[in-house]
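Observations on the three-dimensional arrangement
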Number of protein chains: 2
Amino acid sequence: MKKQEANLKARELVKQMTREEKVSQMLYTAPAIERLGLPAYNWWNEALHGVARAGLSTVFPQSIALSASYDPQILNDVGSVVGEEGRLKNRIYRSREDRGIYKGLTYWSPNINIVRDPRWGRGHESYGEDPCLNAIMGVAFVKGIQEYRDPSMKDKGLQAAACAKHFAVHSGPEGIRHGFDSKATPKELSETYLPAFEKLVKDADVAGVMSSYNAVNGVPTSASSFLLRETLRDKWGFEGYTVSDCGAISDIYHHHHYKDTLSEAAAAAVEGGCDLNCGNMYGHLLEALEKGQLEEKYVDEAVERLLTIRFMLDMDEDPQPEKAMEEWVGKLREWKQLNRRIAESCIVLLKNDGILPLKEAPETIAIVGPDAAVHTVLEGNYHGTAADYVTVAKGIAEVYPESNLLISEGAHLYKDRVENCSPLPGDRISEAAAFASFADVTFAVVGLDPCIEGEAGDASNEYAAGDKHDLHLPASQQAMLEAVCEASDNVVVILMSGGALELGNLNDKVRAVIQGWYPGSEGGRAIANVICGKVNPTGRLPLTFYYNEQVSWDFSDYHTDGKTYRFFKGKPLYPFGFGIGYEYLTMESARRKGNSVYVDLKNQLDHPVAMPLQLYVKAEEEGLETPNFQLVAVNKILLEPGQKTTAVLEADPFWTMVVEEDGTRRPCRGKLTFFVGDHQPDERSEELCRQQGRQSCIRPDLL
Amino acid sequence: MKKQEANLKARELVKQMTREEKVSQMLYTAPAIERLGLPAYNWWNEALHGVARAGLSTVFPQSIALSASYDPQILNDVGSVVGEEGRLKNRIYRSREDRGIYKGLTYWSPNINIVRDPRWGRGHESYGEDPCLNAIMGVAFVKGIQEYRDPSMKDKGLQAAACAKHFAVHSGPEGIRHGFDSKATPKELSETYLPAFEKLVKDADVAGVMSSYNAVNGVPTSASSFLLRETLRDKWGFEGYTVSDCGAISDIYHHHHYKDTLSEAAAAAVEGGCDLNCGNMYGHLLEALEKGQLEEKYVDEAVERLLTIRFMLDMDEDPQPEKAMEEWVGKLREWKQLNRRIAESCIVLLKNDGILPLKEAPETIAIVGPDAAVHTVLEGNYHGTAADYVTVAKGIAEVYPESNLLISEGAHLYKDRVENCSPLPGDRISEAAAFASFADVTFAVVGLDPCIEGEAGDASNEYAAGDKHDLHLPASQQAMLEAVCEASDNVVVILMSGGALELGNLNDKVRAVIQGWYPGSEGGRAIANVICGKVNPTGRLPLTFYYNEQVSWDFSDYHTDGKTYRFFKGKPLYPFGFGIGYEYLTMESARRKGNSVYVDLKNQLDHPVAMPLQLYVKAEEEGLETPNFQLVAVNKILLEPGQKTTAVLEADPFWTMVVEEDGTRRPCRGKLTFFVGDHQPDERSEELCRQQGRQSCIRPDLL
């Protein structure tokens, strides 16, 4: 139902509830209150890139890959499938009285933290290192989840509920996240860490916000009234629910030592503005109320907000499971196709000496590396279960059905040998090298997977926490790749990772590099379609790919200077915004009117071509430090053969503003310079463009 | 080179070796002796059902499944691919100076232990519970590995070396294998535990024999001159090499406490007849020699035998890796096809109320269960890496491309919930039940996998050792299957396991049961081809499928009475030798002449039909206990439409003999009754045949 009606109903219900009943509803495992007709509800659900952890669903590319599409429509499509598929699944579960975890409609996605540091294991859950891109993608995704597309449903409330996390200033290190204190200045908060949250609240009306594990400037975020009340509600007008990260309220006591007792820690969280506890600390709230550590009005308002969301989700309607199954079955093929097209839009070609596209089927193909034939690398983390997984090896087999395929694991993902019994390391290297030496072309599918690049506690190996130590390939794979490059001059690297990696001296030796990310269940097919040229790669990096030695700062330093393309001074390996196509639209001219830029584009080729346009702005103002050129708008344009258009890139004035030392965001009083292209206007991007024989895009001095 | 020439060369070389050099060659990691031109060699390699643990290879069905084909030609084909593919791989490795583990040509396969107890985790490595079937299959496999098929190679020595293991009286419990003492009478040894080894030595000239971990009647087998010298060499004429199971010589000291010092334990093994040490205990042999605990002549003869095998393998030839790669690539597709055809021959249909074959594509198919979509269950243990794996779900998708597929894991393989975070067990059951309820037909792919049914130490879960506790499905899966059977009346169970399981009260509820085993990388395709009727199932059980309560004996009791179909008195769920086809050849008459039985067969259908004939004999003799009807010969017959033939089943007189209490095997002085059919002549098989509307096969009283 609509928000206002839901809120009224919630308010009435809260009035009828006992203190015990109210407190019980603030746990994520909210029990039924039968006398009031309120069923049990488990709030915890996940849908980072498709409905997760509850069986069959559409497993889209991981968030970072989706962001690489530079196309918010794709995020909206993914969100929309989440909402629709999730709702169908919820009806089926409810019809069987399954109200367990991951079965509800409150999704704790998206993750819009800034990838401040390329080593952060959870960077791939986010849309990257740029606040504007994070916001654009996040807004599109949240709207997709929350808004019904079916016009007949416009009068309903929420299709499903999204939740922006982790609020705020949260990006590792994973190993110390439960007691970590992130230090950031007011300017850094306003300029980098908070904007995406602000936009999701203001532009997408996101239903939930999740506090993080860490403290910010000394205050645990789950008890921070500065963040959860003053900023979120008073300043931005947020009306949804807040939830702690799982275990974060326990951290207030156990790791931050911010309060002396468990009940005071729980009370501090509620008073700070945290409505729902993922964990069981709110079991201490009765004690806190009895001891006068908390006023009951805070409990009342929290429960009211929680019930409002539940009522907006209309979970009491007749589930009609047979009809839900029919609808779902009717959608499966369509969503699978959509998933492949989306994956194709996410692949980023980083290097190509001309070997790609490989239009003619080679007689023999070697496919080597531990990520070539496993489905885990397609999934990312927080994933569902696909009906079918197309690995890279499988995808290549599909596009070259006549070629002989020689497939070798080559190396363990990170251990120095594949067979535990082997007395010697590198026990698959000779096979991989032999295959490479014999084959006409070798695809080295190397990188990480979500069990070594992920969340603390998820990591099932000696890395202990999920962060990367550095940007190198694991030594096992680097050694394999060296042998393979020695055996063959025709090596194409497909990098599977959620963030920046670099190949060291092999970067020059290999003929092409494709950034494959964690590309979803159709990912191998998408990558193969790029390889053979069925698909023109149009993905661009939502992250800076640094040389490893450029990342010399302390991982726990949250000050922004020198970090991310907006503040970085050096020339990275591959810049934020960068990516190569096989072909491009022709940009003929561009002009600016206020914050809008108009670009005349033409497709001079004989088939449809797409190109992701990016608009950057550099603000300059006397006496104020401003970031480098930074992204303010994106627009992915697809033109039919011979078609012309004038593309518009309109920068939200929010993004062209400058931020003062005290955090005030206001219009720039100096000069704004605009640049439009399919990359950012940094020296390295220009250099890489020239290497590809491209003249640069429209120059900033034109605008 | 040929044995005699190799032996001469070995003898000459041993004469030139120092004591240290000789002892060094008795370790499985034999170092190079450069002054004598002898390269390093790692003896340990595996090829139970395809070349294992060394990267790309053809991954055939697990041994127990191969045995279910009742077709020795298939075992010969698999062995032949092992020899050929292994040799090509060895050439490629040698060309790169990779002489590591699993890269040589001495395969420690097959496992021909008798599956005395259905709980034994390694039962699936063997050919089942029958000595004759184990021998027939083992002989065919060993010949396939060792003999070149190419006539131009007939003058060469060994294509590769097989090794019969584990000698002897070895079949669990896995958890106590390192110090276990198997008790068996002389009659039991001759009648049940030793015959398959004897046949592999005498009929297949197997190159190696591996001693087991356990002791037999008080003597560790790796130090048992009764087994390794008197029986194996003196009585059977074995001329190959012997090797300890890995770590078994250490067990002589550490677990059997059979000797007081490490050097005496090592000396006892060599004196007992164990030539090669998988482990490092023979590092103590120098000390043993110096202390006079061992005579050097034992070392000399061991090294001579080891070098003879190495020279017979011709591993000094020019490896010509380019040529080897070409040959290999030329074979890959052919072997993949062969693998599928072989897998099809292994599938056993146990129950069918007429639902199968499912010729018309259902509109919607549910596929539920933890074994449906994972490739681990295809592999079995001791496996290689296939270029491609076709799971059951994938196979079904291939044969019904137009059907809607709903795939649910349904349950964890053995844990009570799929998602660790779930507060409640059974968190995928509602999905599986909903799918079953909606679909036209449901395939429940349940059972085990090699990580919970396998070898001690391999098992990566709470089961600790790899044995089964009982014959029930894991509780997680039983609960899921119950819900699925409640939701649907059209459930077909596909049991993935290496041995007997039973479904309890659900056995009556489900419409069909297919025993899928661990069917190799093409296994899902094979199972799907049986389901849709492209393939008529012709596999038969090489094991008794008991009701769980019938297995009431102590797992560690090796006395044979009441165990396996040869001694069991009850009516099992599915008997040894049993399996249903969709169609059969017509058996018109049969007659016997001595040990040979002639059967007139006719194909009255309009397409080719195969049927696995089995010949059983019951020996009766006054004053001597004899087994039940036991298998003495097999012959799988394929006839074209309208074709007639007279099939011959010739029992090797070895198998129709009786065994006295002292272990003497001699011709029967009483009555031999023969039975021929596609099952054994027990009451339960007859009952099951009648249920299928079949008249029984040829009666024993006819012969």
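Residues numbered from 1 in each chain as written. Chains lettered and ligands numbered in written order. Predicted model: local features only at pLDDT ≥ 70, side-chain atom pairs only at ≥ 80, totals over all residues. Heavy atoms only, no water.

All names here are of chain B. Relative to the assigned elements, Glu 522 resides in the loop between β14 (512–515) and α19 (523–532). In this structure the side chain of Glu 522 is engaged in a polar contact, spanning 2.8 Å, whose partner is the side chain of Arg 525. Setting aside residues up to four positions removed in sequence, Glu 522 forms contacts with Lys 336, Asn 339, Arg 340 and Val 390. (Helix = DSSP H or I, 4+ residues; strand = E, 2+ residues; numbered from the N terminus. Polar contact = N/O pair within 3.5 Å; in protein donor to acceptor, adjacent residues only side chain to side chain. Contact = heavy atoms within 4.5 Å.)

Two packed helices can be described by the angle between their axes and the distance between those axes. Residues and elements named next belong to chain A. Their axes nearest at 8 Å, the elements helix α1 (residues 3–16) and helix α12 (residues 296–312) cross at an angle of 130°. Classified by the interaxial angle, the pair formed by α1 and α12 is oblique. For α1 against α12, the interelement crossing comes out right-handed. Touching Lys 3, Ala 6, Asn 7, Lys 9, Ala 10, Arg 11, Leu 13 and Val 14 of α1 are Asp 300, Val 303, Glu 304, Leu 307, Thr 308, Phe 311 and Met 312, all from α12. (Axes fitted to C-alpha atoms, helices over the stretch in contact; angles between N-to-C directions. Parallel < 35°, antiparallel > 145°, perpendicular 65-115°, else oblique. Left-handed = near helix turned anticlockwise from the far one by under 90°.)

This next bit is on the sheet that holds strand β15 (residues 586–593) of chain A. Through backbone hydrogen bonds, the strands of a sheet pair up, either in parallel or in antiparallel fashion. Residue and element names in this part refer to chain A. Taken in spatial order, the 3 strands line up as β15-β16-β19 in an open sheet, and their pairing is antiparallel. Both outer strands of the open sheet, β15 and β19 (644–650), are each paired with one neighbouring strand and no more. Between one strand axis and the next, the sheet turns through 20° on average, direction left out of account. With 7 bridges connecting them, β15 and strand β16 (residues 596–602) associate as antiparallel partners. Bridge assignment links Arg 592 to a residue of β16, and that residue is Val 597. (Pairing = 2+ DSSP bridges.)

Attention now goes to the interface of chain A and chain B. The interface of chain A with chain B comprises 46 residues on the first partner and 46 residues on the second. Taken over both partners, the interface formed by chain A and chain B buries close to 3800 Å², and the fraction arising from carbon and sulfur atoms is 59%. For the chain A face of the interface with chain B, the top three residues by lost area are Arg 96, Arg 333 and Phe 438 of chain A, together amounting to 15%. Applying the counting rule to chain A against chain B returns 4 salt bridges. Between Lys 394 of chain A and Asp 388 of chain B there is a salt bridge whose closest N-O contact spans 3.3 Å. The tally of links from chain A across to chain B stands at 13 residue pairs in polar contact (both at pLDDT 80 or more). (Buried area = accessible area lost by both parts, 1.4 Å probe. Salt bridge = Lys/Arg side-chain N within 4 Å of Asp/Glu carboxyl O.)

The next subject is the side chain of Asn 404 of chain A. Position of Asn 404 of chain A among the secondary structure elements: in strand β11 (residues 404–408). Setting aside residues up to four positions removed in sequence, Asn 404 of chain A forms contacts with Glu 363, Thr 364 and Ile 365 of chain A together with Val 329 and Arg 333 of chain B.

Before going further, it helps to examine the packing of aromatic side chains. Geometrically, a pair of aromatic rings is defined through the distance of the ring centres and the angle of the planes. For the coordinates displayed, the defined rule picks out 38 aromatic pairs over all chains. For the ring pair Tyr 565 of chain B and Tyr 616 of chain B, a centre distance of 6.3 Å and an interplane angle of 90° mean the geometry is edge-to-face. Linking Tyr 565 of chain B in the loop between α19 and β15 (586–593) with Tyr 616 of chain B in strand β17 (residues 609–620), this pair joins segments that are 51 residues apart in sequence. An aromatic cluster is defined as three or more aromatic residues linked by ring pairs; in this entry it consists of Tyr 70, Tyr 565, Phe 576, Tyr 616 and Phe 675 of chain A. Taking the ring centre of Tyr 558 of chain A as reference, the NZ or CZ of Arg 116 of chain A above it sits at 3.6 Å. (Phe/Tyr/Trp six-rings, centres within 6.5 Å; stacked < 30°, edge-to-face > 60°. Lys NZ or Arg CZ within 6 Å of the ring centre and 35° of its normal.)

Any functional reading would require information beyond the geometric quantities listed.
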